[in-house]
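# An overview of the molecular structure
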Amino acid sequence: MAELKVAWKPREENELIGKEIDRLDGVDKASGYAKYSADWNTPGTLQARLLASPYAHARIKKLDVSAVMNVPGVRGVYVFPGRAPKDNQLYEIKYEGDPLVAVAADTAAQAADGLRAVRIEYELLPHFVNEFDLAGAHERGLARPQRDSEDGDVGAALKAADTVVRGYYGIHTITHCCLEPHGSHCEWRGEELDVHLSTQNVSGTAGQFAGAPEIGIDASRVTVMCDYIGGGFGSKFAADEWGVAAAVLAKQTGKPVKLMLDRATELKAAGNRPSAFAEVVIASDENGKITAWDSHHWGTNGFKGGTVSPTVMPYVVIPKNRRIRATGLVTHLGPDRAWRAPNHPQACALTCTAIDDLAAALEMDPYEVFMANLDLTQRPDVYAAEMRIAAELIGWKEKWKGRKKWVEGPIHRGLGMALHTWGGRAGNAKARIVINPDGAVETFAGTQDLGTGTRTVIAQVVAETFGLPLSGVKVNIGSSKYPASGPSGGSTTVGGVSGAHRRQALRALGKLFDLVAAKYSVPADQLRAAAGKIWQGEKEVCTWQQACRLIGPMRLEVETEDGRPVDDGLTSQGVGGVQMVEVAVDAETGVTRIVKYVCVQDMGLIINRKTAESQVLGSMIMCIAYALSEERIVDDLTGQFLNANLRDYKLARIGDIGELVVEFYEPDSEYGRGVVGLGEPPVISGGAAISNAVANAIGKRVSVLPLTPKRVLETLYA
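Read on for a plain summary of the structure. (Residues numbered from 1 in each chain as written. Predicted model: local features only at pLDDT ≥ 70, side-chain atom pairs only at ≥ 80, totals over all residues. Heavy atoms only, no water.)

### Focus on empty space enclosed by the protein
A complete count under the given rule lists five cavities of 30 Å³ or more for this structure. Each pocket or cavity is described by its volume, and for the largest cavity that value is around 60 Å³. Forming the boundary of the largest cavity are Glu96, Lys268, His332, Leu333, Gly334, Arg632, Val634, Gly639 and Phe641. Broken down by class, the residue content of the lining of the largest cavity amounts to three nonpolar, three polar and three charged. (1 Å grid on protein atoms, 1.4 Å probe; cavity = no way out; pocket = protein on both sides within 12 Å on 5 of 7 lines; lining within 4 Å. Points joined across faces, edges and corners; volume = space filled by probe spheres on them. Nonpolar A, V, L, I, M, F, W, Y, C, P; charged D, E, K, R; others polar.)

### A closer look at the packing of helix H12 (residues 454-466) against helix H13 (residues 493-520)
The interhelical angle for the contact between H12 and H13, taken along N-to-C directions, is 30°, at an axis separation of 9 Å. It follows that H12 is roughly parallel to H13 by the angle criterion. Every pair of crossing elements has a handedness; the one defined by H12 and H13 is right-handed. Listed contacts from H13 to Thr454, Val457, Ile458, Val461, Val462, Thr465 and Phe466 of H12 are Thr493, Val494, Val497, Ser498, His501, Arg502, Ala505, Leu506, Ala508 and Leu509. Residue composition of the contact of H12 with H13, grouped by class: eleven nonpolar, five polar and one charged. (Axes fitted to C-alpha atoms, helices over the stretch in contact; angles between N-to-C directions. Helix = DSSP H or I, 4+ residues; strand = E, 2+ residues; numbered from the N terminus. Parallel < 35°, antiparallel > 145°, perpendicular 65-115°, else oblique. Left-handed = near helix turned anticlockwise from the far one by under 90°. Contact = heavy atoms within 4.5 Å.)

### Overview of the packing of aromatic side chains
Any pair of aromatic rings gets described here by the distance separating the centres and the angle formed by the planes. Under the defined criterion, the tally for this structure stands at eleven aromatic pairs. Between Tyr36 and Tyr228 the ring centres are 5.7 Å apart and the planes differ by 45°, which places this aromatic pair in the tilted class. Remark: Tyr228 occurs in the loop between strand E12 (222-225) and helix H6 (240-253) and Tyr36 occurs in the loop between helix H1 (26-31) and strand E1 (46-52); sequence separation between them is 192 residues. Relative accessible area serves as the criterion here: at 11%, Tyr228 is assigned to the buried category. Seen in terms of ring centroids, Phe466 and Trp544 are 5.2 Å apart; in terms of plane orientation they differ by 35°. Their pairing is tilted. Placement of Phe466 in helix H12 and of Trp544 in helix H14 (residues 544-549) is noted, with a sequence separation of 78 residues between them. A single burial state applies to Phe466 and to Trp544, both of which are buried. Among the aromatic residues, those joined into a cluster by ring pairs are Tyr367, Trp396 and Trp400. One Lys or Arg, Lys251, reaches over the ring of Trp188 and ends 4.3 Å from the middle of that ring. Of note, Arg432 hangs over the ring of Phe444, and the distance from its end group to the ring centre comes to 5.4 Å. (Phe/Tyr/Trp six-rings, centres within 6.5 Å; stacked < 30°, edge-to-face > 60°. Buried < 20%, exposed > 50% of the residue type's maximum accessible area, 1.4 Å probe, protein only. Lys NZ or Arg CZ within 6 Å of the ring centre and 35° of its normal.)

### Observations concerning the side chain of Arg673
Assignment of secondary structure puts Arg673 in the loop between strand E28 (659-665) and helix H16 (686-698). Within the structure, Arg673 has its side chain in polar contact with the backbone oxygen of Gln573 (distance 2.9 Å). Each residue touching Arg673, except ones within four places of it in the same chain, is listed here: Arg379, Gly569, Thr571, Ser572, Gln573, Gly574, Val575, Asp602 and Gly604. (Polar contact = N/O pair within 3.5 Å; in protein donor to acceptor, adjacent residues only side chain to side chain.)

### Notes on the layout of surface pockets
Space inside the second largest pocket adds up to approximately 690 Å³. Lining of the second largest pocket is provided by 27 residues; of these, Lys9, Glu13, Arg502, Arg528 and Ala529 occupy positions nearest its centre. Going through the elements one at a time, H12, H13 and strand E22 (527-530) are the ones with two or more residues in the lining of the second largest pocket. Considering only residue class, the lining of the second largest pocket consists of 16 nonpolar, two polar and nine charged.

### Here's the deal with the environment of Leu267
Along the chain, the position of Leu267 falls in helix H7 (residues 263-269). For Leu267, the residues in contact, after removing those within four places along its chain, are Thr175, Cys177, Phe641, Asn643, Ala644, Asn645 and Tyr649.

### Things to note about the sheet that holds strand E15 (residues 276-284)
Strands sit in the order E7-E17-E16-E15-E8-E29 across an open sheet of six strands; the sheet is mixed. Single-partner strands in this sheet number two, and they are strand E7 (143-151) and strand E29 (704-705). Pairing between strand E16 (residues 290-299) and strand E17 (residues 322-329): seven bridges, direction parallel. Residue pairing across strands places Trp298 opposite Thr327, the latter belonging to E17. (Pairing = 2+ DSSP bridges.)

Rendered as structure tokens:
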């Protein structure tokens, strides 16, 4: 077979890769034609609803569902394993929202009636839900030390330092708040189970359904499908208890069952990003060179008793002398799940803010302090170049004012910046490429499109390799029956699928070139595909369709044997980014507005410039939300999640966004790095940058994110 070069073509030779390409599924989504899991309603589909715990901490003394099946329209009832008392063993509820019972009925209203027929007796237990009360956690025995380590000699470095700054910083828990809640549509065909699941893990969840004790079938009998997903952000890797409940109810009733979480349960039970609070001591010499770091951080990931990983503290800028302590708080709150760039947004919010406060104490421009410490980062040259670009885009030198330089009037403007990093190595991915005798090309992969443009990226890679227009490739994804791909997490998807499809497309093209070479008596290793034709140098040999007719009656098909990442130059890992923000703070109301927000991001080879920019813009909007308004609010007295709805859980609206500027850092020397994932890096440093901008605007640090008007006013007039 003809040996073809694996490497990507030079940028200027590409027709599709690196260009701004519209999403293949854009019209379907915008028109409402796209079907999400919640849209599946095959004939006879029953609607299921969950009864979740109203208490943060309790035991179930009695659980009686005997009256449920007498409710009109109810067809099935399911008690989650272990919830009903058995042999004097009482189930312990550890958070509000813990699922207890599911009911399936002809309509959603009848399912709700069925839930009201459930009889439960609770034994209430003391609860602890204050995620920043370290002393209270210690008093109750709910504090879990995670690390206490020291590198270098922190004590000596602090004594020798010219400037030492002590500060308190924090970032509250937020939930994943997926627009499409968790859930599925389950339907049995004899002993075969079809699941339309809202998932980030199409290939990995079939076995989870099959392996559940209540189901107990071979994984080959389960098909998981997900054509479209309305958000996941790291929370949708599993079949989950409610997914299994839907499958069991479908088996029990002999009818399809759809179970999607209601909004309150979605926010309470389906995942959150842990909180983090820290006491930090940071020191430097007179030139702003950081010489020591000493921090103790704590927080909660719910009843599991963990907090942000100490391995990411301090963040990006790592001095030689550093001491890290970490404590996890056990709270009676819902469990955490991976949220875009796990640990990094919190670590950045506790680190880049402290560096900014150090700059203020030195009466230096934080830009200069960050620049002076780039040798303490992993990629100093990248950060230096990105900082210069970002500063030019936002007008840093022209707009910067020292933190203590107050201006008259209610509106105060300020600038802030922060740095971030991420791995982004390619994930596992397999691909099947099919070339039909009529020239039509299809691809098959068990990956998923979270809305990031995975379908479009695959089509671009294959079409570019074959020299075809985008319309010449049909992409098939979203089924567990296709070649297995890894879950979409860790910014691994685009790197994985682009490399896998490029390699298999080249294998298929090599086989096609062998057929062309034999037919037209030309050397196979001199052929190339471009503009719908096969070429020998600049000489046209035949059209794509003519070449494909040589395949014969059977189609040409190749498939990945081993889906693990390959170090062949198609993918890479490790990116850096810089974000700068200009804000306007109203000193009378405490309201913060984003004036201009700049992100300069390194990401290796760009496959689709339009969807890449869209990814960054979405991340920046999420940063604005968790920096200014988004947080889980829990009542200490009752343990209840007070704002578990889309009215009071404050996400960013159009009027909150301001001007967003995205710039990709693409030095010529970076071209050989290949593709690096982008899903997570841009969501990391926005919170810290916005906090620093507000501190610059009002002259004081608002210690805890989000920077609500109340917190701004309390800080300003303390």
